[in-house]
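Summary of structural features
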Amino acid sequence: MAEIFPRTRRRYSTDACERDRSLFGLLFDIDGVLVRGRTPIPAAKQCFRNLVDSDGRYKVPVVFVTNAGNSLRETKAEQLSHLLEVEVSADQVVLSHSPLRVFTQFHDLCVLVSGQGPVVEVAHNVGFKNVVTIDMLRDANPLLDVVDHNRRPKDMNPPSKDLPPIDAVILFGEPVRWETNIQLITDVLLTNGRPGNPVTSLHYPHIPVLACNMDLLWMAEAKNPRFGHGMFLVCLESIYKKITGCELKYEALIGKPSIVTYNYAELLIRKQAEQLGWTRPVERLYAIGDNPMADIYGANLYNRYLKAMDRTRAQVQAQGGSSSQVTGDLQCEASDDAKRSGRVMVGGSFDHRLPEGCSSILVCTGVYNHNHQDLPSDPEQTVTEQQIFHGHRDFRFDPSLTQPSFVVHDVQDGVELVFQLEGWSLQ
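Taking an unreviewed UniProt entry as the reference, the protein is identified by name as Haloacid dehalogenase-like hydrolase domain-containing 5 belonging to Cyprinus carpio carpio.

Some points on the overall build of the protein
Broken down by element type, the protein carries 11 helices and 16 strands. Looking at the protein residue by residue over its 427 residues, the buried ones come to 56%. Long-range pairs, those at least 24 residues apart, make up 74% of the contacts in the protein with a sequence separation of at least 6. Carbon and sulfur atoms provide 49% of the accessible area of the protein, an area that totals close to 18,800 Å².

Some details on the sheet that holds strand 9 (residues 168-171)
Hydrogen bonds between backbone groups are what pair the strands of a sheet, and the pairing can be parallel or antiparallel. Spatially, the five strands line up as an open sheet ordered 8-7-9-10-13, and their pairing is parallel. Two strands lie at the open edges of the sheet, namely strand 8 (130-133) and strand 13 (252-254), each paired on one side alone. Mean inter-strand twist for the sheet, computed between neighbouring axes without regard to direction, equals 20°. In this structure, strand 10 (residues 209-212) lies alongside strand 13, joined through three bridges in parallel fashion. Across the sheet, residue Cys212 finds its bridge partner in strand 13, namely Ile254.

Quick notes on helix 6 (residues 229-244)
Since the α-helix packs 3.6 residues into each turn, any two residues three or four apart lie on the same face. Counted at 1.5 Å a residue, the expected span for helix 6 with its 16 residues is 22 Å, and the 22 Å between its end C-alpha atoms agrees. By the burial criterion, the buried members of helix 6 are His229, Gly230, Met231, Phe232, Leu233, Leu236, Glu237, Tyr240 and Thr244. Those residues of helix 6 hidden inside the fold are in contact with strand 9, helix 5 (178-190), strand 10, strand 11 (217-218) and strand 12 (226-227). Within two residues after helix 6, Gly245 carries a phi angle of roughly 80°, on the positive side.

A word on the pairing of strand 9
Side-chain alternation along strand 9 places Ala168 and Ile170 on one buried face and Val169 and Leu171 on a second face that is also buried. Sheet topology note: the strand 7 (residues 110-114)/strand 9 ladder contains four bridges and is parallel. Looking at the pairing, Leu112 lines up with Val169 of strand 9. The sheet contact formed by strand 9 and strand 10 spans three bridges and is parallel. Paired with Leu171 across the two strands is Ala211, which belongs to strand 10. In the classification by handedness, the crossover that spans strand 9, the intervening helix 5 and the parallel strand 10 is right-handed.

Observations concerning the side chain of Lys256
For Lys256, the position within the fold is in the loop between strand 13 and helix 7 (259-275). The exposure class of Lys256 is buried, given its relative accessible area of 3%. Side-chain polar atoms of Lys256 contact the side chain of Asp29, separated by 2.8 Å.

Quick word on unusual backbone geometry
Across the chain, the bulk of peptide bonds are trans and the bulk of non-glycine residues have phi less than zero. Of the consecutive residues Tyr204 and Pro205, the connecting peptide bond is found in the cis state with omega at 0°. Considering the arrangement of structural elements, one finds Pro205 in the loop between helix 5 and strand 10. Here the bond from Lys256 into Pro257 is cis, since omega is 10°, no more than 30 degrees from zero. Structurally, Pro257 can be placed in the loop between strand 13 and helix 7. At Asn192, a position not held by glycine, the phi torsion is positive, near 60°. Note on placement: Asn192 falls in the loop between helix 5 and strand 10.

Some remarks on the packing of helix 1 (residues 42-51) against helix 11 (residues 411-422)
Where helix 1 meets helix 11, the closest approach of the two axes is 8 Å, and the angle between their N-to-C directions is 30°. Taken together, the axis directions place helix 1 and helix 11 in an arrangement best described as roughly parallel. Along its contact with helix 1, which presents Ala43, Ala44, Gln46, Cys47, Asn50 and Leu51, the element helix 11 presents Val411, Gln412, Val415 and Phe419. Its residues assigned to classes, the contact of helix 1 with helix 11 shows seven nonpolar, three polar and no charged.

Some words on the pattern of salt bridges
Evaluation of the coordinates by the stated rule reveals 20 salt bridges. Salt-bridge contacts for Glu283 lead to Arg280; the nearest nitrogen and oxygen are separated by 3.0 Å. Classification of Arg280 by relative accessible area gives partly exposed; the value is 28%. When the shortest N-O distance is used, the salt bridge between Glu422 and Arg284 registers 2.8 Å. Within this pair, whereas Glu422 is found in helix 11, its partner Arg284 is found in strand 14 (residues 284-289), the two being separated by 138 residues in sequence. Connected through salt bridges with shared partners, the residues Arg280, Glu283, Arg284, Arg353, Glu356 and Glu422 form a single ionic network.

Side note on helix 2 (residues 73-84)
In this model helix 2 runs 16 Å from its N-terminal to its C-terminal C-alpha over 12 residues, within 8% of the 16 Å that 1.5 Å per residue would give. Residues of helix 2 that are buried: Arg73, Lys76, Ala77, Leu80, Ser81, Leu83 and Leu84. Buried residues along helix 2 sit against strand 3 (35-36), strand 4 (39-40), helix 1, strand 5 (62-65), strand 6 (93-94) and helix 7. Directly beyond the C-terminal end of helix 2, a positive phi value near 60° is found at Glu85.

Calculation notes
- Residues numbered from 1 in each chain as written.
- Predicted model: local features only at pLDDT ≥ 70, side-chain atom pairs only at ≥ 80, totals over all residues.
- Heavy atoms only, no water.
- Helix = DSSP H or I, 4+ residues; strand = E, 2+ residues; numbered from the N terminus.
- Buried < 20%, exposed > 50% of the residue type's maximum accessible area, 1.4 Å probe, protein only.
- Contact = heavy atoms within 4.5 Å.
- Areas by Shrake-Rupley, 256 points an atom, 1.4 Å probe, with all protein chains shown as cover.
- Pairing = 2+ DSSP bridges.
- Axes fitted to C-alpha atoms, helices over the stretch in contact; angles between N-to-C directions.
- Expected span 1.5 Å × (residues − 1).
- Right-handed = clockwise from strand over helix to strand, strands pointing away.
- Polar contact = N/O pair within 3.5 Å; in protein donor to acceptor, adjacent residues only side chain to side chain.
- Parallel < 35°, antiparallel > 145°, perpendicular 65-115°, else oblique.
- Nonpolar A, V, L, I, M, F, W, Y, C, P; charged D, E, K, R; others polar.
- Salt bridge = Lys/Arg side-chain N within 4 Å of Asp/Glu carboxyl O.

Put into structure tokens, the structure is as follows:
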């Protein structure tokens, strides 16, 4: 059962040899944990001063896992370095779209991208070669976007431009003009990627849609949470179903709480452990976040996945099978959420030793605030707002997955707790 750990100043044993210590890694959410908008949360700077030695070298592997996706990893790393006053490299950052690097079967297709910021650069950075933006599509077909009267073409018969047919849609994050994006994405889905053509019949299943960042809400400087990309997805799904009578289908949902995102983060943790000179595998992960339906749900879902992986590996090995069989056998045991949230990479390559588990730590500085939301005494209840499910439509609601392993005041308390549990020094 989760419990609140008050701020304390603890002393830790410091003499354990590395070979005798348990090895662990830390996964940090950013918004609501380290920053609120552009303002650092006070505990964050001190927390990270403690996490590096006198040479600025991290004591344990650290990865930042955020559902933000309107920038490049290099840009986010620079921002974090400035805000936290420690060096953060791009290889420590997982943005919502980062795992798209492994979806190589889409990289050569013509994709329509939606979001804001440098979306073309982001798309190219993760591997897509033939990119069309919403603005490019609007310019090529001026009559498609007419909600804003001031943006309607003055010429009743404006010239259109030829664009290649759209093969897939990539939703990076919430756009600025929702009405324009929803209209044009719907046009693309209804016309099988040729939005300048009339709709003569329903093309279903529609062309592939991959969505990054399912957060319904996120915490900025305002006193209450703000709409996230998950809210945009709700609108798009609702409109598509209203028009067609069919559900909008996703080829993959990426970003927390999807399994594919945590698999990708684990890969980066493993690489950092090697750079630290660790010769044994990382045994445990700790994920620190502020959003029960993204951070906590995702960490607990990944923990369930790791446990299933461990059971399956043991069963296969007991039967004399090879490790290469484990991934295939796991597909049968993995939850529907795990398959749906990244079926292209629900497993990846598991010749290496995976962590034993992933513990979830909920902080009270962001979306969740224990002053306004009491922890339920009944474990069948959840810490979400009035038990309303804020997760994505395609994720089965399991109340137990919203229950954090621990609840702490802020990120500094969370890191202190982890080091105490693992018997490491934070001095």
